[in-house]
Amino acid sequence: MGKRVIVGVSGGIAAYKACSLVRQLKEAGHQVRVMPTESALNFVGAATFEALSGEPVRTGVFADVPEVAHVRLGQGADLVVVAPATADLLARAASGRADDLLTATLLTAHCPVLFAPAMHTEMWLHPATVDNVATLRRRGAVVLDPASGRLTGADSGPGRLPEPDEIAAFAELLLARGDALPRDLTGRRLLITAGGTREPLDPVRFIGNLSSGKQGYAVARVAAQRGAEVTLIGANTTGLVNPAGVDVVPVGSATQLAETVAKLAPEADALVMAAAVADFRPSAVAESKMKKDADSEPSRIDLVRNDDILAATVRARADSELPRMAAIVGFAAETGDARGDVLFHARAKLARKGCDLLVVNAVGNGRAFEVDDNAGWLLGADGSETVLGHGSKTLMASRIVDAVAGALRERS
Ligand code: CTP
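Not measured: the values here are computed from a predicted model. (Residues numbered from 1 in each chain as written. Predicted model: local features only at pLDDT ≥ 70, side-chain atom pairs only at ≥ 80, totals over all residues. Heavy atoms only, no water.)

Structural notes on helix H5 (residues 101-108)
- Within H5, 7 of the 8 residues are buried, which leaves it mostly tucked inside the rest of the structure.
- Turning to H5, its buried residues number three or more, namely Leu 101, Leu 102, Thr 103, Ala 104, Thr 105, Leu 106 and Thr 108.
- In this structure, the buried side of H5 is in contact with strand E1 (4-9), strand E2 (31-36), helix H3 (69-76), strand E3 (79-85), helix H4 (87-94) and strand E4 (113-117). (Buried < 20%, exposed > 50% of the residue type's maximum accessible area, 1.4 Å probe, protein only. Helix = DSSP H or I, 4+ residues; strand = E, 2+ residues; numbered from the N terminus. Contact = heavy atoms within 4.5 Å.)

Here it is in structure tokens:
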């Protein structure tokens, strides 16, 4: 159902990206009111925001005075998103200024508030901004960490606005959760795998699967914004936007994935194995492209078993090789059959793999793979069973990260 969302826009070059955000929120069915600062209008005109949102655009508190807009709009909002949030806007918000409609609205809003900062690296790292961000977070606002990359001019570093898709995903998450994202993973290191492995047959062909990587990326995105240091191993996920603040390591095959996990696991407090790993690989990889001759029979492909990465990590922990590892999370895409339903097979898998938590998705009929919505259960080795329900992959990710955070708290 559509919610009332205020999109605040402050004056930075990334203001143009607010246009995509407004469009996405509108397409999701929300009523969107854009509230730029005066300086934001140097970058994008009011007419653009009015056309995209279908609502009037004001910057000051002296417009619509009889309606007391600076109070009413904040009071009535379900979410305020400020994107981009410049260093100046964060400073004004942190000090409780009310010198334009946006800052006045931030003071009257009872709803969740999401800031998506964008500025030069020096400004982001300046102690004044660091303090302002800490103040806003302490008061319950969600301040996203910016992405790293190309900034205005030739500079590059942390300070880029997270992509509009990412901001929209967090906006939806806050609307669904109705509370702020805690920064409860600060100081924790998470290793997350995502995507689907490809087992090469020859230089151009492979055996693969349909996993898009979206669920693992969503887990990485949420964990990073809860303060964790996240390394995301992406198996063939080139089309996806790297989550802000996350270190992404690309891999191709199950063997490469296994080697990378084995290398990085000793530093990790938790492993989340969202990747769909091929159980088998061709026993030989042809050096040149396999040809079909007019009269030849199709050739047989011999397969050998890949190592089970999850089970190997569980074993390594049992052998005291992973002293930090406090939570190992597996994923299972299951269908029911004559022997039992989805949960029957999932419980057996949890026991077989020996991991601490298993995220279970019912698949078939186009569910889970390649779609943005997921549904399922979270099974614990302690016998617990939580329904994950329906919702976006970001909402699922947030519930999975809740469980990981809980497991880390218990075991530390
Ligand atoms: N997994 C893994 N290494 C493998 C295969 C799977 O680490 N070689 C992990 C996946 O990342 C996932 C979990 O194990 O977290 C379950 O994967 P799944 O393919 O469902 O498990 P399988 O053991 O292959 O079970 P099935 O017999 O149902 O294929």
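A short note on the nonpolar core
- Within the largest apolar cluster, 69 residues are counted, with the highest numbers of intra-cluster contacts made by Val 81, Leu 114, Ile 167, Leu 190 and Val 230.
- For this core, the element with the highest residue contribution is helix H13 (residues 393-410), accounting for 10 residues.
- Non-local contacts of Val 230, meaning those with residues more than four positions away in its chain, are made with Leu 190, Ile 192, Ala 220, Ala 223, Ala 224, Val 246 and Asp 247. (Core = buried A, V, L, I, M, F, W, Y, C linked by side-chain atoms within 4.5 Å.)

A closer look at the site of the ligand
- For the ligand, the set of nearby residues contains 13 residues, the closest of which are Met 273, Ala 275, Leu 310, Phe 331 and Lys 349.
- Leu 310 places a polar main-chain atom, nitrogen or oxygen, 2.8 Å from an oxygen atom of the ligand.
- Secondary-structure elements contributing two or more residues to the shell around the ligand are helix H11 (309-318), strand E16 (327-334) and helix H12 (342-353).
- Among the elements that make up the shell around the ligand, the one with the highest residue count is H12 (3 residues).
- Per-class residue counts for the shell around the ligand are 6 nonpolar, 1 polar and 6 charged. (Near = heavy atom within 4 Å. Polar contact = N/O pair within 3.5 Å; in protein donor to acceptor, adjacent residues only side chain to side chain. Nonpolar A, V, L, I, M, F, W, Y, C, P; charged D, E, K, R; others polar.)

Notes on the side chain of Asp 356
- Note that Asp 356 resides in the loop between H12 and strand E17 (357-362).
- Note on Asp 356: relative accessible area 10%, which makes it buried.
- Here the side chain of Asp 356 touches Arg 317 through a polar contact of 2.9 Å, side chain to side chain.
- Contacts of Asp 356, omitting those with residues within four sequence positions, involve Arg 317, Ala 326, Ala 327, Ile 328, Leu 379, Gly 380, Ala 381 and Arg 411.

Let's talk about the packing of H3 against H5
- Direction vectors running N to C along H3 and H5 enclose 50°, while the axes themselves pass 8 Å from each other. Relative to H5, H3 is oriented oblique. As for the relative orientation of H3 and H5, their crossing is right-handed in sense. For the pair H3 and H5, contact is made by Ala 69, His 70, Val 71, Leu 73, Gly 74 and Gln 75 and by Leu 101, Ala 104, Thr 105 and Thr 108, respectively.
- By residue class, the composition of the contact of H3 with H5 is 5 nonpolar, 5 polar and no charged. (Axes fitted to C-alpha atoms, helices over the stretch in contact; angles between N-to-C directions. Parallel < 35°, antiparallel > 145°, perpendicular 65-115°, else oblique. Left-handed = near helix turned anticlockwise from the far one by under 90°.)

Brief notes about the sheet that holds E3
- If you trace the 5 strands from one edge of the open sheet to the other, you get E2-E1-E3-E4-E5, paired in parallel fashion. Strand pairing shows two members of the sheet lacking a second neighbour, E2 and strand E5 (142-143), which therefore form its edges.
- By the bridge criterion, 4 bridges tie E1 to E3 in an arrangement that is parallel. By the bridge assignment for E3, Gly 8 is matched with Val 82. (Pairing = 2+ DSSP bridges.)

Concerning the UniProt feature "binding site: CTP" (unreviewed entry) in the protein chain
- Taking the UniProt record as the reference, the feature "binding site: CTP" (unreviewed entry) is found at Asp 279, Lys 289, Phe 331, Lys 349 and Lys 353. The annotated residues occupy 75 residues of the chain and do not converge on a single region, their most distant C-alpha atoms lying 37.5 Å apart.
- Locating Lys 289 in the fold gives a position in the loop between strand E14 (280-282) and strand E15 (303-305).
- Exposure remark for Lys 289: the relative accessible area of 44% places this residue in the partly exposed category. (UniProt positions renumbered as here; feature names shortened; annotations may be inferred.)

What about the side chain of His 30?
- For His 30, the position within the fold is in the loop between helix H1 (17-27) and E2.
- In this structure the side chain of His 30 is engaged in a polar contact, spanning 2.9 Å, whose partner is the side chain of Glu 172.
- The contact partners of His 30, leaving out residues within four places of it in the chain, are Met 1, Gly 2, Lys 3, Val 5, Leu 25, Glu 172 and Leu 175.

Considerations on unusual backbone geometry
- Of note, the bond from Ala 83 into Pro 84 is cis; its omega dihedral lies within 30 degrees of zero at -5°.
- Structurally, Pro 84 is set in strand E3.
- Even without a glycine there, the phi angle at Asp 64 is positive, about 50°.
- Within the secondary structure, Asp 64 is located in the loop between helix H2 (46-53) and H3.
- Here Asp 64 falls in the partly exposed class, since its relative accessible area comes to 21%.
- Within the chain, Ser 320 stands out as a residue other than glycine whose phi angle is a positive 60°.

A word on the environment of Glu 122
- Structurally, Glu 122 can be placed in helix H6 (residues 121-125).
- For Glu 122, a relative accessible area of 56% gives the class exposed.
- In the structure, Glu 122 is positioned 137 residues away from Glu 259 in sequence and 37 Å away in space, judged by C-alpha atoms.

So, the pairing of E3
- Counting buried positions along E3 yields 7 of 7 residues, so the element is predominantly enclosed.
- Side chains Leu 79, Val 81, Ala 83 and Ala 85 of E3 all project onto a buried face; the interleaved residues Val 80, Val 82 and Pro 84 project onto the opposite face, where all are buried too.

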